[in-house]
Amino acid sequence: MRIRFVAAALLCAAAALAQTSILTGDPLNCFTVSGAPQLTGSQVTVEGPGFTRAWRLKSAAAANAWDLRIRCGSVAPVRAGDMALATFYMRTLSAPSGAGLATFVVERNEPAANYPKHASWTTAAPAGGGWKRVQVPFTFPSDYPNPQGYKYDVSFWVSFEGQEIEIGGISVENHGPGKTLGEMGFTWEGREADAPWRKAAAERIERIRKADVLVVVKDDAGAPVPNAAVRVRMKRHAFGWGTAVAAEKLVSNQKYRQELFENFNKVVFENDLKWGPFESWPRSRLDEAFRILREGGITDIRGHNVIWPGLSFLPSDVQTLIRQANGDELRRRIEARFVDVMGYTKGKVTEWDIVNEPYANHVVQDLLDGNNEVAAWYRRARELDPSVKLYINDYDIIAAGGWNLPHQNGFFNIIKDVVAKGGPIDGIGFQGHFSSNVTAPERILEVLDRFATLGKDHEVTEFDLDIDDAEVQAAYTRDLLTAVYSHPSIKSFLMWGFWAGAHWLPRGAMFDLDWTERPNYRVWRELVYGQWWTDVEGRTGTDGVYRTRGFLGDYEVEVNGTVYPLRVEAGKPNYVQIGKQPAGAVAPNGIVNVASYKGGPVAPGEMVEIWGTGFGLPGLHFAAYDDGWQRLDSDVRVLFDGKPAPLIHTVNDAAGQRVAAIVPYGVSGITRVQVEFQGTVTAAVDVPVAAAAPGIFTESQNGAGPVAAAVLQPDNTWVRLRDGIRARRAAYVSLYITGEGAVNPAPVDGKAPVAPHPQPMQPVVVKFGGIESNCEHNWAGLVYAGVTQINACIPASLTVSGPAIPVELSVGGVAAQSGVTIGIE
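About the criteria used
Residues numbered from 1 in each chain as written. Predicted model: local features only at pLDDT ≥ 70, side-chain atom pairs only at ≥ 80, totals over all residues. Heavy atoms only, no water. Pairing = 2+ DSSP bridges. Helix = DSSP H or I, 4+ residues; strand = E, 2+ residues; numbered from the N terminus. Axes fitted to C-alpha atoms, helices over the stretch in contact; angles between N-to-C directions. Expected span 1.5 Å × (residues − 1). Contact = heavy atoms within 4.5 Å. pLDDT = per-residue confidence, 0-100. Disulfide = S-S within 2.5 Å. Buried < 20%, exposed > 50% of the residue type's maximum accessible area, 1.4 Å probe, protein only. Parallel < 35°, antiparallel > 145°, perpendicular 65-115°, else oblique. Left-handed = near helix turned anticlockwise from the far one by under 90°. Nonpolar A, V, L, I, M, F, W, Y, C, P; charged D, E, K, R; others polar. Phe/Tyr/Trp six-rings, centres within 6.5 Å; stacked < 30°, edge-to-face > 60°. Polar contact = N/O pair within 3.5 Å; in protein donor to acceptor, adjacent residues only side chain to side chain. Salt bridge = Lys/Arg side-chain N within 4 Å of Asp/Glu carboxyl O.

### A word on the sheet that holds strand 23 (residues 535–539)
Sheets are built from strands that pair by backbone hydrogen bonding, the pairs being arranged parallel or antiparallel. The strand order across the open sheet built from 4 strands is 23-13-25-26, with neighbouring strands paired in antiparallel fashion. With one partner strand each, in any of the chains shown, strand 23 and strand 26 (562–568) form the two edges of the open sheet. Ignoring which end each strand starts from, the neighbouring axes of this sheet average 20° apart.

### What to know about the sheet that holds strand 30 (residues 619–622)
Read from one edge of the open sheet, 5 strands run 28-29-36-35-30, paired in antiparallel fashion. The sheet is open, and its two edges are formed by strand 28 (585–593) and strand 30, each paired on a single side. Sheet twist, expressed as the mean angle between neighbouring strand axes with direction ignored, is 15°. Two elements, strand 35 (residues 647–653) and strand 36 (residues 656–662), share 6 bridges in a ladder whose sense is antiparallel.

### Digging into helix 12 (residues 405–420)
For an α-helix, 3.6 residues make a turn, and residues three or four places apart therefore share a direction. The terminal C-alpha atoms of helix 12, which comprises 16 residues, lie 22 Å apart, in line with the 22 Å expected from a rise of 1.5 Å per residue. Tucked into the core, helix 12 has its buried residues touching strand 7 (99–108), helix 11 (370–384), strand 18 (389–394), strand 19 (427–430) and helix 13 (441–452).

### What about the confidence of the model for the protein chain?
The share of residues in the protein chain with pLDDT of 70 or more is 93%, and the mean pLDDT across the chain is 92. Taken as a whole, residues 1–18 scores under 50 in pLDDT and shows 4 contacts with residues more than four places along the chain or in a different chain. When the criterion is pLDDT under 50, residues 701–705 qualifies, and its contacts beyond four places in sequence or with other chains add up to 10 contacts.

### What about the state of the cysteines?
By definition, a disulfide links the sulfur atoms of two cysteines through a covalent bond. If you walk through the whole model with that rule in mind, you get 2 disulfides. Each sulfur of the disulfide joining Cys-30 and Cys-72 lies 1.5 Å from the other. Highlighted residues: Cys-30 in the loop between strand 1 (20–21) and strand 2 (32–34) and Cys-72 in strand 5 (residues 69–72), separated in sequence by 42 residues. You'll find Cys-30 and Cys-72 in the same group, each marked buried. Between the sulfur atoms of Cys-775 and its disulfide mate Cys-793 the distance is 1.6 Å. Between Cys-775 and Cys-793, the S-S torsion sits near 70°, and that sign places the bridge as right-handed. Residue Cys-775 is found in the loop between strand 49 (771–772) and strand 50 (779–784), and its partner Cys-793 is found in strand 51 (residues 787–793); the two are separated by 18 residues along the sequence. The class for Cys-775 is partly exposed, based on a relative accessible area of 29%.

### Comments concerning the packing of helix 11 against helix 12
Between helix 11 and helix 12, whose axes approach to 8 Å, the crossing angle comes to 65°. With respect to helix 12, the axis of helix 11 lies roughly perpendicular. Where helix 11 crosses over helix 12, the two elements pack in a sense that is right-handed. Across from Asn-371, Val-374, Ala-375 and Tyr-378 in helix 11, the residues of helix 12 making contact are Ile-414, Asp-417 and Val-418. A breakdown of the residues in the contact of helix 11 with helix 12 according to their chemical character gives 5 nonpolar, 1 polar and 1 charged.

### A look at the packing of aromatic side chains
This structure, assessed with the given rule, holds 43 aromatic pairs. Ring geometry for Trp-66 against Trp-157: centres 6.3 Å apart, planes inclined by 65°, an arrangement best described as edge-to-face. Placement of the pair is Trp-66 in the loop between strand 4 (51–59) and strand 5 and Trp-157 in strand 10 (residues 152–157), with a sequence separation of 91 residues. Owing to a relative accessible area of 44%, Trp-66 belongs among the partly exposed residues under this scheme.

### A closer look at the side chain of Asn-174
By the element assignment, Asn-174 lies in strand 11 (residues 164–176). A relative accessible area of 1% places Asn-174 in the buried class. Within the local environment of Asn-174, its side chain forms a polar contact with the side chain of Asp-82, the two groups lying 3.1 Å apart.

### Comments concerning the packing of helix 5 (residues 254–263) against helix 15 (residues 519–531)
Running from N to C, helix 5 and helix 15 cross one another at 40°; their axes reach a closest spacing of 11 Å. One finds that helix 5 runs oblique with respect to helix 15. Across the interface between the two elements, Glu-259, Glu-262 and Asn-263 of helix 5 pack against Tyr-521, Trp-524, Arg-525 and Tyr-529 of helix 15.

### Description of the pattern of salt bridges
For the coordinates displayed, the defined rule picks out 49 salt bridges. Linking Glu-459 and Lys-266 is a salt bridge whose minimum nitrogen-to-oxygen distance equals 2.9 Å. Of the two residues, Glu-459 is situated in strand 21 (residues 457–465) and Lys-266 in strand 15 (residues 266–269); the sequence distance between them amounts to 193 residues. We note that Glu-459, like Lys-266, is buried.

Structure follows, in C-alpha cells:
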C-alpha cells in the first residue's frame, strides 16, 4: 500500500507539473520595464476577457529589437523536452503603421551564445480594435533545474517606434513532455468553423475559380434536343497544384512517380537546377526526369533558381571572386550561369525563380550594382527565354505569423525598385515555410492584397508545416489552402515535397517513409480533388441546353454516350455545341444609343442597344455584377472587335429581340460588333467610332414630351422633374447622359466608378431655353458604368418659363437628341 501511495503521489505531482505556470507569483508583477526612457510602462486597470489589469507600454525609437521590453526572470525550473504554451491578450491604442506589434521571447540568458531563443513570436493588433488573443507554443531544449548557472527569461519586445499598446491576461503554462499542440489547446485566429473569412473565401472561390459551362444540343435541323444525358467531368485543374521533386527519386522510385502524377499537375525541382548541383550532378539524370514528367502529363515546371545571391549558396569559385571583390570576373561567371542553365531549360520549364531571397542574401548585389544589377539579370533572362515567366522568390512574407514587417517591406521595395529599373518581373513567389508560428488566414489575405498592388502574379512556392501534431497540421493546411486559393492573384500552390523519404523537413510531408497517408494528405485530396473538383451529371432542358459551373481546367463532356473535349477558362462562358447551331443577325441600322435611340457612330463608354434576331432569351433579363464585371447568365455576349463588352439587359418580346451593352473604352476607328448567343456569333457589323455620341435619358411627362432631370431643392434634396413639377431659375438640375466618350481618369470597362468620379475629357455645354448654363458649381462625372451625371444651373437670366422649356446638350460639339424639355417656373 505504501508503494502504491508513493507512486500515485508521484504521478499526481507529474500531472501538476505538466500544467503549472513557469511565471512565479503574480504573472503581471513578474515583468519589469527595460529600456527607459524610450519605453514607458505602467500597469493599468482594464476590462479584459478574464482579467482586469494590463501593462500599458509606449515606445519610442530604438537601435535594436531587444532594447525596449518588459522582462520576467522569476521563472520556475523546467526540464529538456517540456512543452509550454504562452497565452496573452494585446490591444493597440495607437500605432503609426495602423497596428501595434510585440514579440514574445523566451531566451537563455547566455551572452556568449548570443542568448539562444526558445520562442520568438511577433504578433500585431490593429489600432482601435479590441483585445487580440495570442498563443505561443514552444519546447524547452535544455534543463533549467535551479537558479544556479544560466537562467532563462520571458519578455515582450516592443521596439516599434511611436506605438502605444496594452498586454494583459499573461500566462505561460508548462505542460510537460510529450504533449501535442492540440492537447495543449493551441489554436489560431480564424480557426473557428464559423469564422467570417470562410464564407467570404468560399464566395471568392466560386466566383474566380469557376466559370459557366453550357452544353448546347441541337439536331441536324437546328432544333433543340431536350432531355439529352450530359456528364461534365474534370480531368485537370488549370490552377497549379504542385510540389517540389528530386530528379533522382523521379528516375529511381516508381511509387514516388505514381503518387506524384496522381496528386499534382505542376512541379519544381528542389535542388537539381540550383547553381552548384546543376554544374556538378549528372545532367543525364535531369534529362530523364524531364522526359518522365512530360510523358506523365506534367508540363508546368518551375525552374529554381538561377541565382541565390548569398555567399553560402554559391559555388566555391564564385565565393572566391566575391571575397576578392573581382566584379568583372563575377559578372562573366554569372553570365555563363544564365546562358548555361536557361539554355538547357528553354522549352522545358514554364517559369523561373531568377533571384531567390534577395532581402537577406545580397552579397552579389552589394559588390556589383545593387538593384540595377538585379534588373539587368531579369532583362538577360528575358532575352535568353522570351516565353518563360520570370519570378522573384522570398521567405517570411506570408509565414512567421505574417508580421515580419522588415522582411515584407524590404522584399516589396526591392520588387518595386527592380521593376522601376526595367527588370521584367512577371511574378512573386512566397515560400511558405511554417512552424507553429502559423499566420492567421485573414492576415495572409492582407499581405497578398498588399503585394497584389504591384500587379504581378503570385504563387505559394515552398509550403510545408513543420510541427509534430498531425491533426493541427492538417487543420491549418486546410485553412491555408482555402485562404490562398480564394485570392485572385494566386496562380499556383506548391508543396516543398510530399514524401518523408525526400523532404528536407520530414514532419512536413504528406506521406510517411512507408507511404502511409497523413492527415494533411487527406485534406489535400478532399479539397483539390473533392470540394474543388467538378464531376456533374444532368439533362438538357426544353431549350436543349444543360447549364452548370465548373472549376477552371480541362474536361471531358459526355453527351448521349459521345465524349467531347472542353477547356473551361475564366472570364467567359464555355460551350460544347452539338448539332446545327443557327446564327442570329444584327438588324440593319440596329445599333442605337440607349438614351436617345439615335443610330450612327458609337462612342467609348456609351450604352448601346442592338436589335436583331436569334440572340435573345424570352422575356426581359438584367445583367448582374460578377466581381465588378457585368454578365448575363452566360447565354449572351456582345463582342466589340472580338472582346466581350459589359452587358445591361436582353429583351425578347413582341417588339423584337435586343441586347444592351456598354461600348468598351478601348475602341477606335471602326469597331466590329457581334452578338454571341449560346456560343454562336452573328456576322460582324462595322460601326464608326466617334469621340462623343451623347444621348440624354428621359421619361414622359403627362403626354407633354420627353423630360429628364432632377432639381436640387433648398433643403438639399433632389426631386424628379415630372408630372408638373418645375425648377426655379438659378436652381441646379441633374441630367443623366451616355455617350460622352473618353473620361479622366480612365475607368475599367463595366466596373462601377467610385469617387473621384471620372470626368468627360471634352467640353460639356448645357442650354436651357437657348441660354447656356455656366454657373460656378456646374459639374459632370461618371456615376454608373456607362452613365454620366451633369449638374447644371438654370440661368438666372432666363426669361421664359413653362412646362416644356427646351434642353440642349452637347459634348465636344456633338449634340444630343432634340426635343428634350423640363418645366421651369
